[in-house]
Amino acid sequence: MLRFEHVSLSYGSQKILDDLSFEIQEGQMAVLIGPSGCGKTTTLKMINRLIEPDQGKIYLNGEDITAKDKVDLRRHIGYVIQQIGLFPNMTVAQNICVVPTLLKYSKEECDRIARSLLEMVGLPYEQYAHKYPSEMSGGQQQRIGILRALAASPPIVLMDEPFSALDPMTRRSLQQEVRSLQQKLNKTFVFVTHDMEEALDLADVIIFMDRGKIVQMAPPEEMLSHPASGQIQDFLGKFIHAQSPKELTAADFMRTGVLTVAAGRGINECVSKMQRRNVDTLIVVDDQGRYQGTVSIADIRLTGHVVKTIEPLVRCSNPTVQAGDNAKDCFDLLISSGASYLVVLDDEGKVDGIITKTSMASAMAEQLWG
Amino acid sequence: MGWSTLPLALAQHLMFTLASVAIGLVLGVSLGIALSRRPKLSGVVLPILSVFNTIPGIVFVGLLLLVLGMQPVTVLVALGIYATFPILKNTYAGLVSVDQQYIEAAKGCGMSPRQCLLRVELPLAMPTIIGGLRMSTVYTVSWAVLAAMIGQGGLGDFIYAGISSNDNGLILMGAIPAAILAFILGSLVDLLQKLAVPKGLRKGGSGV
Ligand SMILES: Nc1ncnc2c1ncn2[C@@H]1O[C@H](COP(=O)(O)OP(=O)(O)OP(=O)(O)O)[C@@H](O)[C@H]1O
Ligand SMILES: [Mg+2]
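What counts and how
- Residues numbered from 1 in each chain as written.
- Chains lettered and ligands numbered in written order.
- Predicted model: local features only at pLDDT ≥ 70, side-chain atom pairs only at ≥ 80, totals over all residues.
- Heavy atoms only, no water.
- Near = heavy atom within 4 Å.
- Polar contact = N/O pair within 3.5 Å; in protein donor to acceptor, adjacent residues only side chain to side chain.
- Areas by Shrake-Rupley, 256 points an atom, 1.4 Å probe, with all protein chains shown as cover.
- Helix = DSSP H or I, 4+ residues; strand = E, 2+ residues; numbered from the N terminus.
- Nonpolar A, V, L, I, M, F, W, Y, C, P; charged D, E, K, R; others polar.
- Core = buried A, V, L, I, M, F, W, Y, C linked by side-chain atoms within 4.5 Å.
- Buried < 20%, exposed > 50% of the residue type's maximum accessible area, 1.4 Å probe, protein only.
- Contact = heavy atoms within 4.5 Å.
- Buried area = accessible area lost by both parts, 1.4 Å probe.
- Salt bridge = Lys/Arg side-chain N within 4 Å of Asp/Glu carboxyl O.
- Expected span 1.5 Å × (residues − 1).

Concerning the site of ligand 1
Residues and elements named next belong to chain A.
Inference 1: Close to ligand 1 lie Y11, Q14, I16, S36, G37, C38, G39, K40, T41, T42 and E161.
Inference 2: Within the side chain of K40, an N or O atom sits 2.7 Å from an oxygen atom of ligand 1.
Inference 3: Its free accessible area being 640 Å², ligand 1 has 60% of it covered by the protein chains.
Inference 4: Looking at the shell around ligand 1 element by element, the count peaks at three residues for helix 1 (residues 40-47).
Inference 5: Taken together, the residues of the shell around ligand 1 break down into three nonpolar, six polar and two charged.

See the structure below:
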């Protein structure tokens, strides 16, 4: 539907957008998010050619947008600017029908459009159509701004922080309205925000930008579970723990930084390690860090005097789980096996961490109380 | 010179005023639009114009007289140019002060530059433009007195005759109708202001 290919832009020596490539599918709600000044608005304005890139190409439905007439292109792209920008000299109905009028729809058709759109957002036509923007509240103006973008049924709608000036209640209800409009009309939306909650609520896919580059492009769940950078993690902040318990994995419950020891190590070294850390078993790994098993102080006491290294004493009886395993299953295993901990392994069989009853309890507490 | 010639003088005065303001309106609005599209050029042109504006009318009419001779055209050219200044300045100021958000919204909706000007910028600048028209009208009524200086009639005839013969009565016979004319024309422009300013802008609040 919408594809950026190696799009770059500089103002003087300052690089504003740096080799941006991404694709948004038809009917998706794509949300652009990132710190202030990272180039979100610039990216958005390139789609309707209010700003032209220095390099790269943008395709809409497979067509290079520079091949089309600018004015005509914009009439087929809905655009909601951050400051709303309703024309003060026009009534609500005239504002809504700006684009249909430019496209020379008949008067009756325009009336019909204004009527049905106003009803859709719960503003009765009779009461509001002939008011001027200055007679409407901020939230109402914002609604009209969105309707203006939808009036000529464009296949794609661009929105630049449309709710930033609203109180939380109005904001919430408008978000829901936009979401349901988008689903009902099955349009492609590109939505700019700096509010992660809004992004998580609305997005089919989130594009996280920083300093003119895409840091991560992923659906909300994936961004929550695998944020690509510390910065994204900061943006996700409290939401990162707000996932539903069903989606939690072993990785969410484990304790990291566990003590491991190589299989070739001597008995004495291991004993002193255990004493220092006050533990009764050690996790044994090979030279690549892959899990081999565990060695316990009881076994060392029993047969430690006949062997030099711990290798012969390694047991593979301790239960292991994969980092991506369901947390509830891990919990059940920990209880039923009677083991004092589970070893959590990554895809390559390396040790990621361990789950103990204590680590499980503290992770649960965090889920509950944040 | 007396009561019998007053109606004719008043009519001449009115005609000079209306014709000059009409010229000023056309020139002022079109030059104002043209300059507002070229910010770099207007940075040079506007200061030059305002210097020009300070040349006293009497000097200007004198100069024009040398070129064009004693005829009504001389008066119309001089007054027309003077009537242009306030309208040009206000048109320019009104257009450049239109909030950028409306222009961006207009562009984003797919208006051509011309549609943006006609449907958004000019309506939003209208209160300022008509303010300029009002100034221009009131000034022109008094400047039109200069017509008498080159023998083209108008209320100036009474004033000059009164001054040269030291007859205050004659001066007032010219000055009072001129003041009343200025008042009436000014009120007509105010009425126009009410009619031509888009409704949404009248209540104050939003707008330019
Ligand atoms: N006309 C301009 N000339 C020079 N630099 C500009 C211009 N417009 C924008 N910039 C710079 O480009 C960068 C990106 O701007 P942009 O408006 O796209 O940011 P943004 O991500 O939308 O930020 P915000 O969240 O604050 O709206 C900023 O660093 C800004 O300073
Ligand atoms: Mg922005």
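Notes on the nonpolar core
Inference 1: In terms of nonpolar packing, the biggest core is built from 49 residues, with A:L2, A:F4, A:F87, A:V190 and B:M111 touching the most fellow members.
Inference 2: When residues of this core are assigned to their parent elements, the largest contribution, five residues, is made by strand 2 (residues 14-24) of chain A.
Inference 3: A:V178, A:F189, A:A203 and A:L224 belong to the second-largest nonpolar core, a separate cluster that totals 29 residues.

With respect to the interface of chain A and chain B
Inference 1: Facing 25 residues of chain A, the contacting portion of chain B comprises 24 residues.
Inference 2: Across the chain A/chain B interface, buried area totals approximately 2,000 Å², and carbon plus sulfur atoms make up 64% of it.
Inference 3: Of all residues in chain A, A:F87, A:P88 and A:N89 give up the largest surface area on contact with chain B, accounting jointly for 27% of the area buried on that side.
Inference 4: At the junction of chain A with chain B, the criterion picks out one salt bridge.

Describing helix 7 (residues 138-150) of chain A
All names here are of chain A.
Inference 1: Compared with an ideal rise of 1.5 Å per residue, which puts 13 residues at 18 Å, helix 7 spans 19 Å between its outermost C-alpha atoms and is within 8% of the ideal.
Inference 2: Burial analysis of helix 7 places eleven of its 13 residues in the buried class, which makes it a mostly covered element.
Inference 3: Restricting attention to buried positions, one finds in helix 7 the residues G139, Q140, Q142, R143, I144, G145, I146, L147, R148, A149 and L150.

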